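Observations on the model geometry
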Amino acid sequence: MVAPHIRSAAQRLLSRCGYEVVLAEGEGCCGALSQHLGRPDEARAMARANLAAWGRAGQVDAIVTTAAGCGTMLKDYRHLVGQDVPAKDILEFVAEVGLPRVAKPPGIAVAYHAACSLQHGQQIKAAPPKLLADAGFDVRLPAEGHLCCGSAGVYNILQVELATRLRDRKAANITATGATVVAAGNVGCMTQLAPALAAPIVHPVELLDWATGGPKPAALAAPEPDRLRIDP
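Residues numbered from 1 in each chain as written. Predicted model: local features only at pLDDT ≥ 70, side-chain atom pairs only at ≥ 80, totals over all residues. Heavy atoms only, no water.

Turning our eyes to something else, we now look at the sheet that holds strand 6 (residues 201–202). If you walk across this open sheet you meet the four strands as 4-3-5-6, and the pairing is parallel. This sheet does not close on itself; its edge strands, each paired only once, are strand 4 (138–140) and strand 6. Where strand 5 (residues 181–184) and strand 6 come together, two bridges link them in parallel fashion. Bridge assignment links V182 to a residue of strand 6, and that residue is I201. Across the sheet, helix 8 (residues 127–134) lies against strand 3 (109–113), strand 4 and strand 5, angled at about 165 degrees from strand 3, the strand it touches most. (Pairing = 2+ DSSP bridges. Helix = DSSP H or I, 4+ residues; strand = E, 2+ residues; numbered from the N terminus. Contact = heavy atoms within 4.5 Å. Axes fitted to C-alpha atoms, helices over the stretch in contact; angles between N-to-C directions.)

All right, on to the packing of aromatic side chains then. Here the distance between the centres and the angle between the planes together describe a pair of aromatic rings. In this structure the tally under the stated criterion is three aromatic pairs. Centroid distance Y19 to F93: 5.0 Å. Interplanar angle 75 degrees. Geometry classified as edge-to-face. With Y19 in the loop between helix 1 (4–16) and helix 2 (32–36) and F93 in helix 6 (residues 90–97), the pair connects residues that are 74 residues apart, well separated along the chain. Consider the rings of F137 and W210, whose centres lie 6.2 Å apart with planes at 50 degrees: the pair is tilted. Here the residue F137 occupies a position in the loop between helix 8 and strand 4, and W210 occupies one in helix 12 (residues 204–211), the gap between them amounting to 73 residues. The residues F137 and W210 share a single accessibility class, namely buried. (Phe/Tyr/Trp six-rings, centres within 6.5 Å; stacked < 30°, edge-to-face > 60°. Buried < 20%, exposed > 50% of the residue type's maximum accessible area, 1.4 Å probe, protein only.)

Glancing now at the nonpolar core. In summary, soluble globular proteins display a tendency toward joint burial of nonpolar side chains. Core analysis: the biggest nonpolar cluster contains 45 residues, and L132, F137 and L207 have the highest contact counts within it. Look past the residues within four positions of L207 in its chain and what remains in contact with it is V110, L132, F137, A183, V202, P217 and L220. A43, L51, L74 and V85 belong to the second largest nonpolar core, which has 14 residues in total. (Core = buried A, V, L, I, M, F, W, Y, C linked by side-chain atoms within 4.5 Å.)

With that settled, the discussion passes to unusual backbone geometry. Excluding glycine, a negative phi dihedral is what most residues carry, and trans is how most peptide bonds are arranged. Here Q123, not a glycine, exhibits a phi torsion of approximately 60 degrees, which is positive. As for its position among the elements, Q123 is in the loop between helix 7 (116–121) and helix 8. A positive phi angle, close to 55 degrees, is found at E144, a residue other than glycine. Relative to the assigned elements, E144 resides in the loop between strand 4 and helix 9 (155–158).

The following block contains the structure:
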């Protein structure tokens, strides 16, 4: 798992929303990257393995994911293997059931980057920035928010030069907001953008978890001051 701290934040937030979190044994990759690489049989095998794992886990209200790219793929299982999945992005789910009581509104400026897989693939646009605003953050939307950051599944591996140009353009628009923190709902976007940003980048669920009683995101923790030894 690339970012287990994001899943931990989601689990804490969902518990505060009043839901029991079930981790399905045997669950694996959603198959999106295999599908992007033109390996549909491999993607279908991954999808069927996940469906079997979720079936063994018992009846649930939703399959919740913190990665927007995965969520888009899960919602496409109906076309891939002919079976619907009650998949929800974590931000979509929390917006529907209601944000828990805000314990400590941080009031810091957050630039919200809308992942293509979330805003275009799943048509989830208004909920994420509204949740952040409701949690007490000063939400700032970068210019050209509809454009891709260049990650796009495996695009940043297969088309490095174009992906880098997209990343730098996106990073410049984010920086222009003057925000001290960047929030992005897809780990692919986070990984793509981080090297081009001076501000820390976190998942929105980390901020929502923090605002409703969870720990401050590790990426926002102040670094310890440098220690110098002065010999007499």
